[in-house]
Amino acid sequence: SQQGEEDPQALSIQEGENATMNCSYKTSINNLQWYRQNSGRGLVHLILIRSNEREKHSGRLRVTLDTSKKSSSLLITASRAADTASYFCALVHQAGTALIFGKGTTLSVSS
Amino acid sequence: EPEVTQTPSHQVTQMGQEVILRCVPISNHLYFYWYRQILGQKVEFLVSFYNNEISEKSEIFDDQFSVERPDGSNFTLKIRSTKLEDSAMYFCASSLHSGANQPQHFGDGTRLSIL
């Protein structure tokens with residue numbers, strides 16, 4: 001498929017725990033991006049990782065990319081209740097401008 | 001921090017009517033996009049726009065849809081004759097450069113309800 005597929009579909013954790021979400025894809029990509037969507041709101045860009053990069057950090061977020069396995073992971077460390085949201089990976093194909101979104105992972109962080 | 005703004009937040013329209021959704025992208029951005037999200041489903045790309053023309057469009061973006069940048073600030077999506085299945089959240093986004101290696105900044109969306 002042209003889109004990324006996130007795993008798991010839903011994740012429930014306690015505050016302070018780490019959350020890991022995975023994204024697998026099948027096509028060649030230019031870059032892979034992670035977005036967050038709070039209920040009823042627009043998408044917020046979290047991290048962009050290029051196809052020649054393996055890991056990126058931003059605050060409590062860590063993203064890895066393995067192009068040989070066509071997979072990426074998003075790690076949120078020391079989660080907070082405010083991290084409760086849906087998280088999406090989005091692919092940009094080598095010739096395109098469009099973001100192709102997966103179905104997302106719904107993260108619930110309870111205090 | 002600059003934001004993408006969309007109006008209205010909620011639009012209710014009778015089936016068969018025309019609807020225009022409006023967006024004000026971030027002022028120095030050059031690329032503009034529309035996406036939609038049917039309730040409970042994934043976000044789907046509709047169209048990208050640069051230099052007053054469509055750069056890329058999906059299969060969803062058929063002849064019923066059109067986009068326009070009528071002035072220096074607004075970016076609109078028009079649906080000519082709405083159908084029930086057009087009910088969705090419509091998101092506008094903009095980026096400084098092409099989608100390749102650039103994050104896209106999204107508005108909070110317009111909820112379109114077709115009756």
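As shown above, the structure is provided for reference.
Everything quoted here is computed from the prediction, not taken from an experiment.

Caption draft 1: Up close: the overall build of chain B. The number of helices and strands found in chain B is zero helices and 11 strands. Ordered by position from the N terminus, the helices and strands of chain B form the series β-β-β-β-β-β-β-β-β-β-β. Here the C-alpha radius of gyration of chain B, 13 Å, is about what a compact globule of 115 residues would show, namely 13 Å. Seen through its principal axes, chain B has C-alpha atoms that stretch 35 × 30 × 30 Å. Across chain B, the fraction of contacts at a sequence separation of at least 24, relative to all contacts at a separation of at least 6, is 55%. Total accessible area on chain B stands at roughly 5,700 Å², and carbon and sulfur atoms take up 45% of it. Averaging the coordinates of the 9 positive side-chain charges in chain B and doing the same for the 14 negative ones gives two points 4 Å apart.

Caption draft 2: How the structure looks around the nonpolar core. Counting residues in hydrophobic clusters, the biggest one holds 23 residues, and the most contacted among them are Met21(A), Leu32(A), Trp34(A), Leu74(A), Ile76(A), Tyr87(A) and Leu107(A). Secondary structure elements with two or more residues in this core: β2 (10-14), β3 (19-24), β4 (29-37), β5 (43-50), β7 (61-66), β8 (71-76), β9 (85-93) and β11 (105-110) of chain A. For this core, the element with the most residues is β9(A), which contributes four residues. Discounting chain neighbours no more than four positions away, the residues touching Leu107(A) are Leu11(A), Ile13(A), Ala19(A), Met21(A), Ile76(A), Asp83(A), Thr84(A), Ala85(A) and Tyr87(A). In terms of nonpolar packing, the next biggest core, distinct from the first, is built from 21 residues, Cys23(B), Phe32(B), Phe65(B) and Ala88(B) among them.

Caption draft 3: Looking closely at the interface of chain A and chain B. Listed as interface residues are 22 residues of chain A and, on the opposing side, 19 residues of chain B. Between chain A and chain B, roughly 1,700 Å² of surface is buried when both sides are summed, and carbon and sulfur atoms account for 53% of that area. A per-residue breakdown of the area chain A buries against chain B is headed by Leu43(A), Thr97(A) and Phe101(A), which together make up 31% of the total. Between Asp108(B) and Arg41(A) there is a salt bridge, with the nearest N and O atoms lying 2.9 Å from each other. Here the side of chain A that touches chain B takes five residues from β4(A), the largest share from any one element. Classifying every residue of the side of chain A that touches chain B by side-chain character gives eight nonpolar, 11 polar and three charged.

Caption draft 4: Just the sheet that holds strand β7 (residues 65-68) of chain B, in detail. Residue and element names in this part refer to chain B. Read across the sheet, four strands follow the order β1-β3-β8-β7 without closing on themselves; strand pairing throughout is antiparallel. The two strands at the open ends of the sheet, each matched to only one other strand, are β1 (5-7) and β7. Across the sheet, the axes of successive neighbouring strands diverge by a mean angle of 20 degrees, strand direction being ignored. Sheet topology note: the β7/strand β8 (residues 75-79) ladder contains four bridges and is antiparallel. The residue of β8 that forms the bridge with Phe-65 is Ile-79.

Rules used throughout
Residues numbered from 1 in each chain as written. Chains lettered and ligands numbered in written order. Predicted model: local features only at pLDDT ≥ 70, side-chain atom pairs only at ≥ 80, totals over all residues. Heavy atoms only, no water. Helix = DSSP H or I, 4+ residues; strand = E, 2+ residues; numbered from the N terminus. Rg over C-alpha atoms; globule rule 2.2 N^0.38 Å. Contact = heavy atoms within 4.5 Å. Areas by Shrake-Rupley, 256 points an atom, 1.4 Å probe, with all protein chains shown as cover. Lys, Arg positive; Asp, Glu negative; His and termini not counted. Charge placed at Lys NZ, Arg CZ, Asp CG, Glu CD. Core = buried A, V, L, I, M, F, W, Y, C linked by side-chain atoms within 4.5 Å. Buried < 20%, exposed > 50% of the residue type's maximum accessible area, 1.4 Å probe, protein only. Buried area = accessible area lost by both parts, 1.4 Å probe. Salt bridge = Lys/Arg side-chain N within 4 Å of Asp/Glu carboxyl O. Nonpolar A, V, L, I, M, F, W, Y, C, P; charged D, E, K, R; others polar. Pairing = 2+ DSSP bridges. Axes fitted to C-alpha atoms, helices over the stretch in contact; angles between N-to-C directions.

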